[in-house]
Amino acid sequence: MELGKDFDAVEGEMEDIFAQTVARIQPTRRRRTGVPLAVNGRNKMNHFDHIPSQQVTGEMVGQYLRAHPEFLEAWLMEQVELETLERWMIRRTQRAQHKNQENGSNARIPSPRPEAQESRPANLGKPASKITRKTSLSRWKFCVHADKRKMLQELTQSLQVSPNKGQVLRELAHCIASACSAEEFNLYLLDTSTSSLIYCPDPKDDSLEENPWRGEVSPETWLCTFVASTKESVKTTIDEADPRFPLGIAVPANDAFYVISVPVVQSDGELIAVLELFRKEQGEAFHEEDEEIINSYMVWGGIALHYAELYHNMAKQRKLNDFILSVVKSIFQDMVSMDTLIMKVMNFAQKLVNADRASLFLVDSKNRELFARIFDMGNTFDENKPPQASKEIRFSIGTGIAGIVAQTGEVLSISDAYSDPRFNRHVDQQTGYVTKSILCMPIFIRGNVIGVMQMVNKKQGNFTKEDEESFEMFAVYCGLALHHAKLYDKIRRSEQKYKVALEILCYHNRCTEEEILLAENDSVFVPIPSLDDYYFSHLSLDDMDKVRHAIYMFVDLFGLSRFDRDSLIRFTLTVKKNYRRVPYHNWTHGFSVANSMYTIIKHAPKTFRPLECLALYIGSLCHDLDHRGKNNKFMLETESPLAAIYTTSTLEHHHFNQTVTILQQEGHNIFSKLTPSEYKQVLGNIKHCILATDLALFFPNKSKLAQLLAENKFDWSNIEHRLLIEAIAMTACDLCASAKPWDVQVETVKVIFEEFYEQGDAEKAAGKSPIPMMDRDKTDEQPASQVGFLSGICIPCYELLFKVIPNTKPFLDGCKDNFSKWQALADTVQEHKKSENEEQENGKEEEDPPEEEEEKEVVDEDRERTEESGGGEGES
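An account of the accompanying structure is given in this report. Just so we're clear, the structure is a prediction, and the values are computed from it rather than from any experiment. (Residues numbered from 1 in each chain as written. Predicted model: local features only at pLDDT ≥ 70, side-chain atom pairs only at ≥ 80, totals over all residues. Heavy atoms only, no water.)

1. Examining the packing of aromatic side chains
Part 1 of the argument: One pass over the full model with this rule turns up 22 aromatic pairs.
Part 2 of the argument: Ring centres 6.4 Å apart and planes at 55° place the aromatic pair F558 and F563 in the tilted group. Of the two residues, F558 and F563, neither departs from the other in class, the shared state being buried.
Part 3 of the argument: Joined through ring pairs, the aromatic side chains of Y188, Y199, W213 and W222 make up one cluster.
Part 4 of the argument: Its guanidinium or amino end placed over the ring of F286, R279 lies 4.2 Å from that ring's centre, counting from NZ or CZ.
Part 5 of the argument: Above the plane of the ring of Y433 lies R357, whose end atom (NZ or CZ) is 4.8 Å from the centre. (Phe/Tyr/Trp six-rings, centres within 6.5 Å; stacked < 30°, edge-to-face > 60°. Buried < 20%, exposed > 50% of the residue type's maximum accessible area, 1.4 Å probe, protein only. Lys NZ or Arg CZ within 6 Å of the ring centre and 35° of its normal.)

2. A short note on the pattern of salt bridges
Part 1 of the argument: Scanning all chains against the criterion turns up 32 salt bridges.
Part 2 of the argument: A salt bridge links D777 to K764, with the nearest nitrogen and oxygen atoms 3.1 Å apart. Taken together, the residues D777 in the loop between α26 (742-765) and α27 (782-804) and K764 in helix α26 connect sequence positions 13 residues apart.
Part 3 of the argument: Given a relative accessible area of 63%, D777 falls into the exposed group. (Salt bridge = Lys/Arg side-chain N within 4 Å of Asp/Glu carboxyl O. Helix = DSSP H or I, 4+ residues; strand = E, 2+ residues; numbered from the N terminus.)

3. Some words on the pairing of strand β7 (residues 258-265)
Side chains on a regular strand alternate between the two faces of the sheet.
Part 1 of the argument: With seven of eight residues buried, β7 lies mostly within the body of the structure.
Part 2 of the argument: In this sheet, β7 lies alongside strand β6 (residues 234-237) in antiparallel orientation, the contact comprising four bridges. For V234, the partnering residue across the bridge sits in β7 and is S261.
Part 3 of the argument: Relative to strand β8 (residues 271-279), β7 is paired through eight bridges, and the arrangement is antiparallel. Bridging across to β8, V259 finds its partner in F278. (Pairing = 2+ DSSP bridges.)

4. Overview of the sheet that holds strand β9 (residues 355-364)
The pairing of strands in a sheet happens through backbone hydrogen bonds and is either parallel or antiparallel.
Part 1 of the argument: Read across the sheet, six strands follow the order β11-β10-β9-β14-β13-β12 without closing on themselves; strand pairing throughout is antiparallel. Whereas interior strands pair on both sides, the edge strands pair on one side only; in this sheet they are β11 (393-396) and β12 (412-414). Across this sheet, the average inter-strand angle for adjacent strands is 25°, counted without regard to direction.
Part 2 of the argument: Alignment of β9 against strand β14 (residues 448-458), held across seven bridges, turns out to be antiparallel. Bridge pairing links F361 to V452 in β14.
Part 3 of the argument: The strands touched by helix α14 (residues 465-508) within the sheet are β9, β12, β13 (438-445) and β14, with β13 carrying the most contacts at an inclination of about 45°. (Axes fitted to C-alpha atoms, helices over the stretch in contact; angles between N-to-C directions. Contact = heavy atoms within 4.5 Å.)

5. A short note on the sheet that holds β6
Part 1 of the argument: With antiparallel pairing, six strands are arranged side by side in an open sheet as β5-β4-β3-β8-β7-β6. Bordering the open sheet on either side are β5 (214-216) and β6, each of which pairs with just one other strand. Strand-to-strand, the axes of this sheet are offset by a mean angle of 25°, without reference to chain direction.
Part 2 of the argument: Two strands pair when backbone bridges link them, and strand β3 (residues 184-191) and β8 are joined in this way by six bridges, in the antiparallel orientation. In the sheet register, L187 faces β8, and the bridge partner there is L275.
Part 3 of the argument: Strands in contact with helix α8 (residues 165-179) are β3, β7 and β8; relative to β3, the strand with the most contacts, it is inclined by about 150°.

Printed below as a string of structure tokens:
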């Protein structure tokens, strides 16, 4: 349907309605007013009386309504349904818009028919701007007003360009002023921290004052503060004196006369701003329709404000997240120094709350002081060129603003520093800087204050609750960053101390030049008879003899084509020096184990591959480097630093680490001519061999190998099977003293038990009870402990080794022979204890002198036999 025809139909519909009801209207009006209907100011009652109702035409009714618009308004308000009026208004507005598009001109009220010109009111026929106000509410309500689309477009653009609350409110105020035909407006934003209104001027205005108008929200002062306190709209004029707001307009507008002041309230009922609209005296006063338009705009503006607030919070959180990410990167990637981290923290804290300056004080808990070397951060921070730390300042906790915050752990926000007695003005007097506002907050870690951040002079206004909440979240990560930076500083200092200690250790624990010259002059490469005998005795050798023998065994097995002679001599001498002077796990023991491995390799030359032989021999020579004479259990129970480093096979890991340390010293790397892959393989195999000497690993290794042999699945080509036999061979050589001749066995057991007793003494000193084997008050336990040790560990080990490498049978034979002798001693001791128990049971309190003397001779004889045997080899 065309718009013109649609309007004609509506007009015809109206004329029909009035024609049918004119007879009813006429007597009603006469009865109510006593005045007949008048047309064009004259009494036309007689005219209507002489015309039958069926002859009244629509043209006649139209002439009457155009001459009496007040009658039309009254009749429409009383007789026509609201839905009908809305439908007519939509059609009328659509027709006007259609004509605007066709004519390209401003809409005007349709001109009346020619015959009605003389009766038209003076204000009709003018541009619609004068009556637009009266119909703008309806056009807004029916969603066809172009201003609404424009307003939504402008609000959307403002959200994209500058999504902050102040900007959105200004755009909303512009839209409302345009819709209400207001010449000017004032916008006041609410500062919730101070409960005051702040005038929000146009940012494009060049005449802005540095400090805009501010007023406390309260009645009986200014119009805007009255509206803010009551949250009710007020319509008034400039010259009208109202006792509710005697001070009038806070920021007067130019040539303004009519004023309407409305509160801007969020959906939760909280006030956020106050808007004042102005019209000149030549215009019209504000009406209820204008207030309704404003409220309608506020609904849509509230949505924009809501999303602006969401964007603001998201942007703030994203900014905070970006910094937190940079802090994490600084900690775990760059590992920056404490000073650099402090500068970063201060710089971001300063930007986070828009402060002019920032300071960070750290807590010295020991001296109960705050200290800082970088305590006044301006806007000149450059991460590539950070400022240098100045002289450190210190003051007691509880002194000044920062000291009080460190003492109480509570936030302090001061809007006027000079009015606060806790503020120290001395610094300002020295520097000339004027402190106005202060926000001071503690930084916690594990519930303890580790620092205090102090921000000075917020650039716009005072520090707010929002600033406190933002920094509270930021302070959590600050605490973590500072804590990790402290740990890193400690680690870095410890690393430097470690390097110094290692340098000293290397100097004192490496061989001297005199020792090297002595070894080079000796005949270290002359063949030594019976050195490859399973029962070779080391008792007649001194330490340098053992060095020469060790060098000879290495050269005999591997030659010097791929090894440097001088490096070999230095390495062997330094290994000797790094064995501690403990009773058993000393250089003599290391040499004996290496000699036993040398014997296995010599008698079964094709059993192991060349690099495996190299690892087995060096691993045997170094397997107890820096042994402290205590077992792994003692290290764990006494919380030794070694136990903190290595939780399993503590000493064995340390022995390997010492081996690598010696190889890394200048002139000691005997593997320097190996290829990288060979070097890696040898070191890995040496570690495996040294760790295998932990008896805790022997039992699972023994079980695996025994099962493979029982099931006939052992395969020399399988690398895992080869590692198992290497581990068993290392254990067998470590226990070689149990297979040596009886005299060597007895001497070895003596030193073993002496080392055990020293550990037992240390346990007693710590208030613990040692096991009988380590208690020097129970020396009669030695034979029994050796019997258990040989039968439970040594013999099973040698039996397993014999099945895989038959040439090692002398180990098994020697161990069994020693076992029989320890068994005989244990039986003797047991018989002696039995006889003592029988005497005690018989209640013999005193012995006859001859019998006592005879028994004493038997005991002395047994004791001599025990001392000759020397004890057990119960090695941990």
